[in-house]
Amino acid sequence: AGEGGAPVPGDGAGPPAPQRVLFPPTFSVSEIKNKQRRHFMFLRWKQQQRKEKLALKKKRRKEREALGDKAPPKAIPKTIENQRVYDETTVDPNDEEVAFDEATDEFAPYFNRQTVPKILITTSDRPRGRTVRFCEQLATVIPNSHVYYRRGLALKRIIPQCIARDFTDLIVINEDRKIPNGLVLSHLPDGPTAHFRMSSVRLRKEIKRKGKEPTEHIPEVILNNFTTRLGHSIGRMFAALFPHNPQFIGRQVATFHNQRDYIFFRFHRYIFKSEKKVGIQELGPRFTLKLRSLQKGTFDSKFGEYEWIHKRREMDTSRRKFHL
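Residues numbered from 1 in each chain as written. Predicted model: local features only at pLDDT ≥ 70, side-chain atom pairs only at ≥ 80, totals over all residues. Heavy atoms only, no water.

**Student:** If you had to explain unusual backbone geometry to someone new, which residues and values would you point to?
**Tutor:** Cis geometry is found at the peptide bond from Leu-188 to Pro-189, where omega equals 10°. Mapped onto the secondary structure, Pro-189 falls in the loop between strand 4 (179–187) and strand 5 (193–202). In this structure, Asn-144 takes a positive phi of about 55° despite not being glycine. Within the secondary structure, Asn-144 sits in the loop between helix 4 (129–141) and strand 2 (145–148). For Asn-144, a relative accessible area of 38% translates into the label partly exposed. Non-glycine residue Arg-260 carries a positive phi angle of around 55°. (Helix = DSSP H or I, 4+ residues; strand = E, 2+ residues; numbered from the N terminus. Buried < 20%, exposed > 50% of the residue type's maximum accessible area, 1.4 Å probe, protein only.)

Now the structure itself:
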């Protein structure tokens, strides 16, 4: 035994206390050969990183509270959105040329309240159950819309019939392997026609914490981040699907949110809990759209004139370049 009766290694008083092993500064978790041990060490490292980040965040908050009004302004984090490459077609709200174009384009009768939206929703030939249910739920979101299941009828024959029956828009839901994967939106009678790739479709029963079924009230419409001339045209197409007079008593809102050229659709019901807090319930369905082309006039696959076509190899040269 050593001084004070403390045991020393090798005198039979017990095993020595384990010492903490420190990894060298250049050590990497990927050097661990055992897969389970490597995964465990990676999780520990991530947990330690989160703790350090949280501690630094608390420290900075306390420093800002101590400084009060003298605290420096918060740093703006760099994101792909705020580092976006400037687009020369970005719309200025005070631009006279843009205002003139809007007053004379195909959607002017709608925005001048000369027409009332009347929508026909149809599908590709012989749709499956999931596409049928999606069309039925979409019809409950868009007021004054009617679902028609085409049976081998070509779109070139459907469009004249729609115009004769005073339909203002035609929506075609395409599918592949029983999954909705495309949406064609054609404004009648003079176009334009937009072709979207559809993904991430969720029906009402597939949404967690969904609210009750939507009512027949006319919803409010929110269009977010459609900033360029092309995005402005797409936003006006979506706006023309809904009547001008939303019924606020229904507290329902349809949102088209553009982020990095992906258009996210959500349908919610809201309630004001207090002056500062609002509760929302998602009603569904939800889906994501990616613009493929914008065509002048109504649908014409052979001789149509295109205003814009998405060409991946030529246009997707930078992650910070967006078109909508």
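**Student:** Lay out the environment of Val-98 with the relevant residues and their values.
**Tutor:** Within the element layout of this structure, Val-98 appears in helix 2 (residues 96–104). Using a relative accessible area of 5% as the deciding quantity, one classes Val-98 as buried. Here the alpha-carbon distance between Val-98 and Arg-151, two residues 53 residues apart in the chain, equals 42 Å. Setting aside residues up to four positions removed in sequence, Val-98 forms contacts with Val-91 and Arg-229. (Contact = heavy atoms within 4.5 Å.)

**Student:** How would you explain the pairing of strand 10 (residues 286–295) if you had to name every residue and give the values?
**Tutor:** Taking burial as the measure, the 10 residues of strand 10 include 8 buried ones, the bulk of the element. Pairing analysis gives 8 bridges linking strand 5 to strand 10, with the strands arranged antiparallel. Paired with Phe-196 across the two strands is Leu-291, which belongs to strand 10. Here strand 10 pairs with strand 11 (residues 306–309) via 3 bridges, running antiparallel. Within the sheet, the bridge partner assigned to Gln-295 lies in strand 11 and is Tyr-306. (Pairing = 2+ DSSP bridges.)

**Student:** Describe the packing of aromatic side chains, listing the residues and the values that go with them.
**Tutor:** Per the counting criterion, the structure on display carries 10 aromatic pairs. Here Phe-42 and Trp-45 contribute two aromatic rings whose centre-to-centre distance is 6.1 Å and whose plane-to-plane angle is 35°, an arrangement assigned as tilted. Of this pair, Phe-42 and Trp-45 are both found in helix 1 (residues 35–67), 3 residues apart, which corresponds to roughly one turn of the helix. Overall, the relative accessible area of 38% leaves Phe-42 in the partly exposed class. Classification of Trp-45 by relative accessible area gives partly exposed; the value is 43%. Taken together, a centroid distance of 5.6 Å and an interplanar angle of 75° make the contact between Tyr-270 and Phe-272 edge-to-face. On the accessibility criterion, Tyr-270 (13% relative accessible area) is buried. (Phe/Tyr/Trp six-rings, centres within 6.5 Å; stacked < 30°, edge-to-face > 60°.)

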